[in-house]
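Here are the chains, one letter per residue:
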Amino acid sequence: MNFFRGVMGGQPAGQQPSGADTIQKLCDRVASSTLLEDRRDAVRALKSLSKKYRKEVGSQAMEHLIHIMQTDRSDSEILGYALDTLYNIICNDEEEEPDESEDENTQKQTDDDLGVEFTNMFIQDSENVTLVLTMLEEFDFHVRWPGVKLLTALLKNQCAQLQGVILVSPMGVSRLMDLLADSREVIRNDGLLLLQQLTKGNAAIQKIVAFENAFERLLDIITEEGSSDGGIVVEDCLLLLVNLLKNNSSNQNFFKEGSYIQRMKPWFEVGDDNSGWSAQKVTNLHLMLQLVRVMVSPVNSPGATASCQKSMYQCGLLQQLCTILMATGVPADILTETINTVSEVIRGSQINQDYFASVNAPSNPPRPAIVVLLMSMVNERQPFVLRCAVLYCFQCFLYKNQKGQGEIVATLLPSTIDANSISAGQLLCGGLFSADSLSNWCAAVALAHALQDNLTQKEQLLRVQLATSLGKPPVSLLQQCTNILSQGDKINRRTKSEKGSKVQTRVGLLMLLCTWINNCPIAVTHFLHNQENVPFLTGQISENLGEDERLVQGLCALLLGICILYNDNSLENCSRDKLKQLIEKRIGKENFVEKLCFITKHELYSRAAQKPQPVFPSPEQMLFDHEFTKLVKELEGVITKAVHKSSEEDKKEEETKKTLEQHDSIVTQYKELIREQDSQIQELKEQVASMSSQNDQHQTTLTQQVAQIQQHKDQYNILKLKLGKDNQSQANNQSDNTHINGLQTEELTQLRDEVQELRKQHTLLQTQLSEKDTLIDTLRSEGEQTTQVSTGGPDHTELLKELEELRSLVQCKSAEISQLQTERQELMRRAEAGSSEAVPSSEGSTDSTKMAELESRLGAQMSETEKLKEDVRSLSESRVGMEQQLASATSTVAILQTEKSKLQTEVQESKKEQDDLLMLLADQDQKIHGLKQRLKDLGETVEDDDDIDARDQTDDDEDDED
């Protein structure tokens, strides 16, 4: 305080120091003082003088203030004073009233220049900006808040330069994003203003801010503040969102992929009571609707727009907007913007257009929303901007929507007219012939959009009949439009308006007629059938009228040129050559082209060509439609060229076109033939591949069967060994039995029965052996045939050898059985011979024991024989099954080889036919090239195949994206 008394109050009363001297002393004190308190007091004094002596403080103290921020980082109070002082000298929001002696505008300009000058001084060294960014890390309110305000002021004065510095600063954007998470609302709100300035026109910073989770934070703040019912903070958040998303496809895609579109739906939940709409709520809802339009703007890429439109329908956002559209009590400006938003949400999206067609207004009886909107469009008491919005909505509903076009035109056809209800077609016809010129224009443009690029509906509209007055026959809609054009005095009498309004009506009707008959020869014939139309057009074009009428003359020239282009020469008096001669004699070719070119030179034409939405400052300037400007641009050069051509050139061109069409048809036929043959070859290749796979499967199956045969062979060898052992034990038992004497009679009887049973079994075994011999012979013959087509031949040969060995073994066993039978007979004979001799009781018991032993051995032998027979039977059955499978596989392989040879023959024949076709196509291409060269020599413009293919590919891509 002693310092202030010395500086401010220590001078004599008559020698008060000037502001510059005081500021100089304060700056010296800041630079030279060693005590922190003295420096703090000096900076506080500079802050208090910075508003009144802005220029002096800025020019003398800026370097000292920057030095303070670099050296006194530990004291938050002095940092706050320094930042506030810098803000006061850089900010252009001057609160002090200007001096009365100075002009207010001059003072404001001077202040702005000072702010820019001091901003340039401050950011000349980029480290100063980095220093302020580091200050934002301080949590102290007296440091952070002035730092936010200072950066905001710097961005307002030199946005581009400061954006570049912040962009290259490490963690620069991240520090600014942290401001949104500050619990102190004033810092958070000023942080929003800072980010608004930072994100203006810089896509790189917009992307960084978006990926710093800005969408999530901003939507959370909007929800916390009450959405559309919130205050100025909601408005700031919405402005920042618009900055981040507008013309930034990357951020738009990130917004959609992050499911943030779904979070927008609660914004538009408007209650039943819509009476109290505050100004802030209207502003917030305006920005919310603008944000929706940013996502589906026609200037975006078609793919991104279609994706956002689909998301808006799926999450219910479109349904919510339609609810606002049909609600009561909504302010007019909100209703207008809602209509524009719905228009762009449904534009080009078939599913959204279908939903919009199904929306009904809450009336009794319910009416379609389209009908209710059209009633507003043709009502001259409605606001002009609202009528423009309804027209835009109707255009977007019909954009690339042939289904909707058909439904609108159907409401005009005699078979579908309902006298008890109002339809869209009736409203359009009523507006087309009403007394209001703006209604005439809007209805004509709306009806033209129902015919855009739709030949079917152009022909259907020719069926529409109108009852003009009682007692007179009905006339067609086309005839009525031309009658109104040709009877200018009736228009003037009906409209009772100025000349400009008459021009607006006639321009609307001419645009409708041009769109209607363009690329529709039937409509051209109907138009030319009225003998008054051509004289009216030529008369209009040839007259020398005022500036306002020149536009009408140009449109009449365009209409007449379309009649020449799409004339099928079905009317002799209005053929293409007759119309050209008429132009040459009555108008003059140069004068005709001059009147035609006036359309594109008109100022309102250029304005309408910029964007699809009809935006006009006043109704009088509403003359051109965006889609019609595309048509004029497309037809102007073609009509000019057609008018200058002679009849001989036309004939040559027609002949050349016919020749080219014939050649094109031939080439198309050959191309189709080649495509068919290619498809056949592809099918044959697929069949060969499938058969090859089947062949591989059969080979695998055959390998498995060979393995199974080997397994059965091993089992058979085991059985063979077992049978050999049993036969040997049986022979030993028979040799023992030859020594038995003194058998009893009963036992001998039993033995005879057993021998008889053995004889039966032997006979059965002999029969089975003969069957096996037959089977072996059959297998041997089949095996010899199979070895020619199967790789498993050696295995079958070995198997046959094994079977031969088995056969010999069975024969040996048969001989042994015969020998055993002989021994049994001898034993019986000896037993009978010794039956009369007496036998002691002891010998009888011994014989009984031996006989029991013999019976047990004989029973065991019989059981073993039965087992052997069962094994042989099962082995025979398995062998028969395997032989059948082998025969089936062999026949399949033979069939596959036959089919393979046939396929190879067909492929060779197809290749020969394709080579012949290619030779024929080469000849055709040479002829076509010669004809095109002749056309070029004659001065005609001929498109090459590459240009045509590229154009077709572009059209296909646009259709796919839509």
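The shown structure was predicted, so the numbers you read here are calculated from the model rather than taken from an experiment. (Residues numbered from 1 in each chain as written. Predicted model: local features only at pLDDT ≥ 70, side-chain atom pairs only at ≥ 80, totals over all residues. Heavy atoms only, no water.)

Asker: Can you tell me about the overall build of the chain, naming the residues and giving the values?
Answerer: When its secondary structure is counted, the chain shows 41 helices and four strands. Here the chain, with 962 residues, has 46% of them falling under the buried criterion. Just so you have it, the chain exposes about 49,300 Å², and 49% of that area is on carbon and sulfur atoms. (Helix = DSSP H or I, 4+ residues; strand = E, 2+ residues; numbered from the N terminus. Buried < 20%, exposed > 50% of the residue type's maximum accessible area, 1.4 Å probe, protein only. Areas by Shrake-Rupley, 256 points an atom, 1.4 Å probe, with all protein chains shown as cover.)

Asker: Give me the packing of aromatic side chains: which residues, what numbers.
Answerer: On inspection of all chains with the given rule, the structure shows ten aromatic pairs. Between phenylalanine 141 and tryptophan 145, the ring centres sit 5.3 Å apart and the planes meet at 25°, which makes this aromatic pair stacked. On the criterion of helical spacing, the pair formed by phenylalanine 141 and tryptophan 145 is a turn pair, its members being four residues apart in helix α8 (residues 141-157). Take phenylalanine 141: its relative accessible area is 27%, and that puts it in the partly exposed class. Arranged with centres 6.3 Å apart and planes meeting at 85°, the rings of tryptophan 441 and phenylalanine 616 form a pair that is edge-to-face. Note that tryptophan 441 is positioned in helix α25 (residues 437-451) and phenylalanine 616 in the loop between α35 (603-608) and α36 (626-644), a separation of 175 residues in sequence. (Phe/Tyr/Trp six-rings, centres within 6.5 Å; stacked < 30°, edge-to-face > 60°.)

Asker: Pulling in residues and values, what's your account of the environment of serine 76?
Answerer: Residue placement: serine 76 occurs in helix α5 (residues 76-90). Among residues more than four places away in sequence, those in contact with serine 76 are Asp140 and Val143. (Contact = heavy atoms within 4.5 Å.)

Asker: Report on the layout of surface pockets, specifying residues and quantitative values.
Answerer: If a probe the size of a water molecule is rolled over the atoms, the empty space left behind becomes visible. The calculated volume of the second largest pocket comes to roughly 1,300 Å³. Considering the residues around the second largest pocket, the lining is formed by 43 residues, among which Tyr399, Lys400, Asp453, Glu627 and Lys630 are closest to the centre. For the lining of the second largest pocket, the secondary-structure elements that each account for two or more residues are α17 (302-314), α20 (350-358), α23 (402-410), α25, α26 (455-461), α36 and α41 (945-961). Among the residues making up the lining of the second largest pocket, the classes are represented as 13 nonpolar, 18 polar and twelve charged. (1 Å grid on protein atoms, 1.4 Å probe; cavity = no way out; pocket = protein on both sides within 12 Å on 5 of 7 lines; lining within 4 Å. Points joined across faces, edges and corners; volume = space filled by probe spheres on them. Nonpolar A, V, L, I, M, F, W, Y, C, P; charged D, E, K, R; others polar.)

Asker: Tell me what's going on with unusual backbone geometry, and back it up with residues and numbers.
Answerer: Of note in the backbone geometry, methionine 171 takes a positive phi value of approximately 60° without being a glycine. Methionine 171 sits in the exposed class, given a relative accessible area of 56%.

Asker: Mind laying out the packing of α5 against α8, listing which residues take part and the relevant values?
Answerer: Between α5 and α8, the least distance of the axes is 8 Å, while the angle of their chain directions is 20°. The angle between α5 and α8 falls in the class roughly parallel. Considering only the axes of α5 and α8, their crossing is left-handed. For the pair formed by α5 and α8, the contact residues are Ser76, Leu79, Gly80, Leu83, Asp84, Leu86, Tyr87 and Ile90 on the first element and His142, Val143, Pro146, Gly147, Lys149, Leu150, Ala153, Leu154 and Asn157 on the second. (Axes fitted to C-alpha atoms, helices over the stretch in contact; angles between N-to-C directions. Parallel < 35°, antiparallel > 145°, perpendicular 65-115°, else oblique. Left-handed = near helix turned anticlockwise from the far one by under 90°.)

Asker: An account of the environment of glutamate 212 is needed here, citing residue identities and associated values.
Answerer: Relative to the helices and strands, glutamate 212 is located in the loop between α12 (203-211) and α13 (214-224). Separated by 35 residues in sequence, glutamate 212 and methionine 177 place their C-alpha atoms 7.2 Å apart. Not counting residues up to four positions away in its chain, the partners in contact with glutamate 212 are Ser174, Met177 and Arg217.

Asker: Quick rundown of the pattern of salt bridges? Include the residues and the values.
Answerer: Inspection of the entire model under this criterion finds 22 salt bridges. Put simply, arginine 29 and aspartate 38 hold a salt bridge, and the shortest N to O gap is 2.7 Å. Where salt bridges share partners, they join Arg40, Asp41, Arg44, Asp75 and Glu77 into one cluster. (Salt bridge = Lys/Arg side-chain N within 4 Å of Asp/Glu carboxyl O.)

Asker: Give me the side chain of asparagine 340: which residues, what numbers.
Answerer: Inspection of the secondary structure puts asparagine 340 in helix α19 (residues 332-346). Asparagine 340 sits in the buried class, given a relative accessible area of 5%. The residues contacting asparagine 340, other than those within four sequence positions of it, are Arg293, Ala389, Tyr392 and Gln613.

Asker: Describe helix α33 (residues 576-587), naming the residues involved and giving the relevant values.
Answerer: Over its twelve residues, α33 runs 16 Å from end to end, which matches the ideal 16 Å to within 8%, given 1.5 Å per residue. Among the residues of α33, Arg576, Leu579, Lys580, Ile583 and Ile587 are the ones counted as buried. In an axial view of α33, the angular spread of the buried residues amounts to 100°, which keeps them on one side of the axis. Opposite the buried face of α33, by more than 90 degrees, sit the exposed residues Glu584 and Lys585. Where α33 terminates, the next one or two residues include glycine 588, which has phi positive at roughly 100°. (Expected span 1.5 Å × (residues − 1). Arc of directions from axis to C-beta.)

Asker: Let's hear about the confidence of the model for the chain: which residues, and what values?
Answerer: Mean pLDDT over the chain stands at 80; residues scoring 70 or higher make up 74%. This model gives residues 786-795 a pLDDT under 50, and the stretch forms six contacts once residues within four places in sequence are excluded. Contacts of residues 834-845 to residues separated by more than four positions or lying in other chains number one contact, the stretch itself having pLDDT below 50. (pLDDT = per-residue confidence, 0-100.)

Asker: Explain a negative patch on the surface to me, using residue names and the numbers behind them.
Answerer: A cluster of like negative charges, contributed by Glu906, Glu909, Glu913, Asp915 and Asp916, occupies part of the molecular surface. Locating glutamate 906 in the fold gives a position in helix α40 (residues 841-937). With relative accessibility at 36%, the residue glutamate 906 sits in the partly exposed group. (Patch = residues over 30% accessible without salt bridge, like charges linked within 9 Å, V, L, I, M, F, W, Y side chains within 5 Å. Lys, Arg positive; Asp, Glu negative; His and termini not counted. Charge placed at Lys NZ, Arg CZ, Asp CG, Glu CD.)

Asker: Outline the environment of tyrosine 566, listing residues and values.
Answerer: Along the polypeptide, tyrosine 566 turns up in the loop between α32 (547-565) and α33. Counting along the chain gives 47 residues from tyrosine 566 to asparagine 519, while the straight-line C-alpha distance between them is 6.1 Å. For tyrosine 566, the contacting residues outside a window of four places in its chain are Asn518, Asn519, Cys520, Pro521, Val524 and Leu635.

Asker: I'd like a description of a nonpolar patch on the surface, backed by residues and values.
Answerer: Together, Leu167, Val168 and Ile208 give the surface a local cluster of nonpolar side chains, amounting to about 250 Å² of exposed area. If you trace the backbone, leucine 167 turns up in helix α9 (residues 159-168).

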